[in-house]
Amino acid sequence: MANLRAIARRVMHEEGFAPDLPAEAEAQAQRTAPWRPAPGEARRDLRALLWSSIDNPDSRDLDQIEVAEQLPGGAIRVLVGIADVDALVPAGSPIDRHAAANATSVYTGVAVFPMLPDQLSAGLSSLLPGEDRPAVVAELVVAEDGALQSSAVYPAIVRNHAKLDYEAVGAWLEGGALPDSVAVLPGLEGQLRLHDEATERLHELRVRNGALDFETIEARVVADDGDVVDLRVLHKNRARYLIESLMIAANGVMARLLEDAGRPSIQRIVRTPARWPRIAELAAELGARLPAEPDPRALARFLAERQRADPERFPDLSLAVVKLLGSGEYALVEPGADHSGHFGLAVADYTHATAPNRRYADVVIQRLVKALLASAPAPYAPDELAALAAHCTERDKAGKKVERRMRKYAAVALMRDRVGGVFDAIVTGAAAKGTYVRLLSPPVEGRVVRGEEGMDVGDHVRVRLVGTDAARGFIDFARA
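So, here is what we can say about the structure in this document. (Residues numbered from 1 in each chain as written. Predicted model: local features only at pLDDT ≥ 70, side-chain atom pairs only at ≥ 80, totals over all residues. Heavy atoms only, no water.)

1. Thoughts on the overall build of the chain
Scanning the chain from N- to C-terminus turns up 13 helices and 17 strands. Viewed in the frame of its principal axes, the chain has a C-alpha envelope of about 70 × 55 × 50 Å. Looking at the chain as a whole, 54% of its 480 residues qualify as buried. Looking at the chain alone, contacts between residues at least 24 apart form 72% of all its contacts between residues at least 6 apart. Each charge class in the chain can be summarised by its mean position, and for the 58 positive and 68 negative side chains these summaries are 3 Å apart. (Helix = DSSP H or I, 4+ residues; strand = E, 2+ residues; numbered from the N terminus. Buried < 20%, exposed > 50% of the residue type's maximum accessible area, 1.4 Å probe, protein only. Contact = heavy atoms within 4.5 Å. Lys, Arg positive; Asp, Glu negative; His and termini not counted. Charge placed at Lys NZ, Arg CZ, Asp CG, Glu CD.)

Structure follows, in structure tokens:
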């Protein structure tokens, strides 16, 4: 099998990325010193609070940490600390220009291509445990019914006291044993229970408003020294729900702050789905009826019912609906202007602000927010924001394409000795350019090259593996 790391670099180039840090950006990274507050800089000192992070076990580019407080009357105050990348990466600097060009980190399983140099994303700008870091804090007070009683945004100094991982925390929240990483820190168990309670409130309100709950099967390449050993499915456990809900809330706070201040910004939108009739058709096949016009509340109720009725097959339905909804995009939002909002989240104002180590759009939002808090002019004009939104959308799609292509190369490594085998699959794409399926096990994707007539997204089919191409990462199936 070809060297997958070399293939990953080639694919990055083919999709328009610069996988290597330019010399001037490398020099800037080498001379970047640990952050220190400037004389007279106004930041709240919140280092004593019991902050913690939850991420993948091997993650070093930690973008956010959380802490919560029970308030009189039943409300919960939640603070989300977001890494202040802008404090270390000046706009227009060599690192910033490189980050803007790539606009996203790309995770291929066999290699990571970070948007920022490792010295920052996995070091000086990462919210690593035991380190003092600058942050932009989104504060939200969550009422018992899930409504936001109040919110605020401000700069602070923070310290992460515990780096936790999704699988261990998720298993515990779902009834398993308390992780040692939680037990060793007095008060952390109670903190996480508060996070979980606030998450439940926020989630229930979003669902009542028509937010869509998905459980898609995400295959992650597992490699050992560059050799693929597995494609592992990552399920959305309770810890992942927790972080997802808190990030949605924090991103909404940032978007509304800029909107209320009358400042243009970039928001993340998912437009009303053009393929709603096919979603309604899938629902009808399962004995449900959706309205003729797109209705997120009706779709949310249908998905919740299917998750309860058939949890084992619900990820397949989720995948089909996600594909039919279409991808999100970044867009310029002028103050007071109508815009489509985010169909899947059932929110009108939503941005990406909580992952500035990994996404350039988040760095832009951070600079807009910090300028507002400092009563300074906006650092970007509307036409610049529009251009950045279009570029970040294009690079986001390109990054996902790199990751998809590398999953295919990894899948070839796993499947090349199984040609002739028959598998259960779900159709994930059906268009003029081709029909694609994902096997239920292992979660491998490929193109149907024979017998694809009549297939549509969401159909369950049986396919035979008819060929693999290690040089191009192609996997071909025929209807069985």
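2. Some remarks on the packing of aromatic side chains
Inspection of the entire model under this criterion finds 0 aromatic pairs. The residue whose ring lies beneath R44 is Y154, and the NZ or CZ to ring-centre distance is 3.6 Å. Seen from the ring of Y330, R268 lies directly overhead, with NZ or CZ sitting 4.5 Å from the centre. (Phe/Tyr/Trp six-rings, centres within 6.5 Å; stacked < 30°, edge-to-face > 60°. Lys NZ or Arg CZ within 6 Å of the ring centre and 35° of its normal.)

3. Some points on the pairing of strand β11 (residues 265-269)
A large share of β11 lies buried, amounting to 5 of its 5 residues. Where β11 lies against strand β12 (residues 329-333), 5 bridges are found, and the strand directions are antiparallel. Considered in β12, the bridge of S265 is made with V333. (Pairing = 2+ DSSP bridges.)

4. What about the packing of helix α8 (residues 238-260) against helix α12 (residues 360-373)?
For the pair α8 and α12, interaxial distance at closest approach is 10 Å and the crossing angle is 50°. By the angle between their directions, the pair α8 and α12 is classed as oblique. Of the two elements, α8 crosses α12, and the hand of that crossing is left-handed. Contact with α8, carried on its side by M254, L257 and L258, involves I365, L368, V369, L372 and L373 of α12 and no other residues of that element. Counted by class, the contact of α8 with α12 contains 8 nonpolar, no polar and no charged residues. (Axes fitted to C-alpha atoms, helices over the stretch in contact; angles between N-to-C directions. Parallel < 35°, antiparallel > 145°, perpendicular 65-115°, else oblique. Left-handed = near helix turned anticlockwise from the far one by under 90°. Nonpolar A, V, L, I, M, F, W, Y, C, P; charged D, E, K, R; others polar.)

5. Some details on helix α10 (residues 296-309)
In this model, α10 (14 residues) spans 20 Å end to end at C-alpha, consistent with the 20 Å of a helix rising 1.5 Å per residue. Where α10 is concerned, the buried positions are A298, L299, A300, F302, L303 and R306. Sitting at the amino-terminal end of α10 is D295, which places a side-chain oxygen 3.0 Å from the backbone nitrogen of R297. (Expected span 1.5 Å × (residues − 1). Polar contact = N/O pair within 3.5 Å; in protein donor to acceptor, adjacent residues only side chain to side chain.)

6. Structural notes on the sheet that holds strand β16 (residues 460-469)
The sheet built from 5 strands closes into a barrel, its strands ordered β13-β14-β15-β17-β16 with mixed pairing. Neighbour-to-neighbour, the strand axes of this sheet turn through a mean angle of 55°, independent of strand direction. Looking at chain direction, strand β14 (residues 434-439) and strand β15 (residues 445-450) are connected through 4 bridges and run antiparallel. Across the sheet, Y436 pairs through a bridge with R447, a residue of β15. The strands touched by helix α11 (residues 314-325) within the sheet are β13 (422-431), β14 and β16, with β13 carrying the most contacts at an inclination of about 20°.

7. Here we look at the nonpolar core
I54, V78, L164, M254, I266, Y360 and V364 are the most contacted members of the largest nonpolar core, which totals 64 residues. In terms of residues, this core owes the most to one element, α8, which gives 10 residues. The residues touching Y360, leaving out its near neighbours within four places in the chain, are D96, A99, A100, A103, M115, R367, Y380, L388 and C392. (Core = buried A, V, L, I, M, F, W, Y, C linked by side-chain atoms within 4.5 Å.)

8. Thoughts on the environment of L140
Residue placement: L140 occurs in strand β7 (residues 132-142). Counting along the chain gives 62 residues from L140 to V78, while the straight-line C-alpha distance between them is 5.4 Å. The residues touching L140, leaving out its near neighbours within four places in the chain, are I76, R77, V78, L148, S150, S151, L202, A249, A250 and V253.

9. Points about the pattern of salt bridges
Overall, the coordinates contain 34 salt bridges when judged by the stated rule. With its nearest N and O atoms 3.0 Å apart, the salt bridge here joins R201 to E197. Residue R201 and its partner E197 are both found in helix α7 (residues 188-208); the two are separated by 4 residues, about one turn of the helix. Residues participating in the shared-partner salt-bridge network are E41, R43, D84, D86, D96, R367 and K370. (Salt bridge = Lys/Arg side-chain N within 4 Å of Asp/Glu carboxyl O.)

10. Here we look at the environment of K323
With respect to the helices, strands and loops of the structure, K323 is situated in helix α11. The spatial distance from the C-alpha of K323 to the C-alpha of P39 is 51 Å, given a sequence separation of 284 residues. Other than its neighbours up to four places away in sequence, K323 contacts T428 and V457.

11. Structural notes on the packing of helix α9 (residues 276-285) against α11
Where α9 contacts α11, the two axes come as close as 9 Å, and the packing angle between them is 160°. With respect to each other, α9 and α11 are oriented roughly antiparallel. Like other packed secondary-structure pairs, α9 and α11 cross with a definite hand, here left-handed. Along the contact surface, α9 presents R278, I279 and L282, while α11 presents A320, V321, L324 and L325. Across the contact of α9 with α11, the residue classes break down as 6 nonpolar, no polar and 1 charged.

12. Here we look at the side chain of N357
With respect to the secondary-structure elements, N357 resides in the loop between β12 and α12. Classification of N357 by relative accessible area gives buried; the value is 0%. Within the structure, the side chain of N357 is placed 2.7 Å from the side chain of S125, a separation counted as a polar contact.

13. Points about unusual backbone geometry
Of the consecutive residues S441 and P442, the connecting peptide bond is found in the cis state with omega at -10°. Considering the arrangement of structural elements, one finds P442 in the loop between β14 and β15. One non-glycine residue, S375, lies in positive phi territory at about 55°. Relative to the assigned elements, S375 resides in the loop between α12 and α13 (382-415).

14. Section: the pairing of β13
In the sheet, β13 pairs with β16 via 5 bridges, with the strands oriented antiparallel. The residue of β16 that forms the bridge with F423 is V463. Of the strand pairs in this sheet, β13 and β14 are connected by 6 bridges, and their pairing is antiparallel. Its bridge partner lying in β14, A430 is registered against T435. Linking two consecutive strands that pair antiparallel, namely β13 and β14, is a turn of 2 residues.

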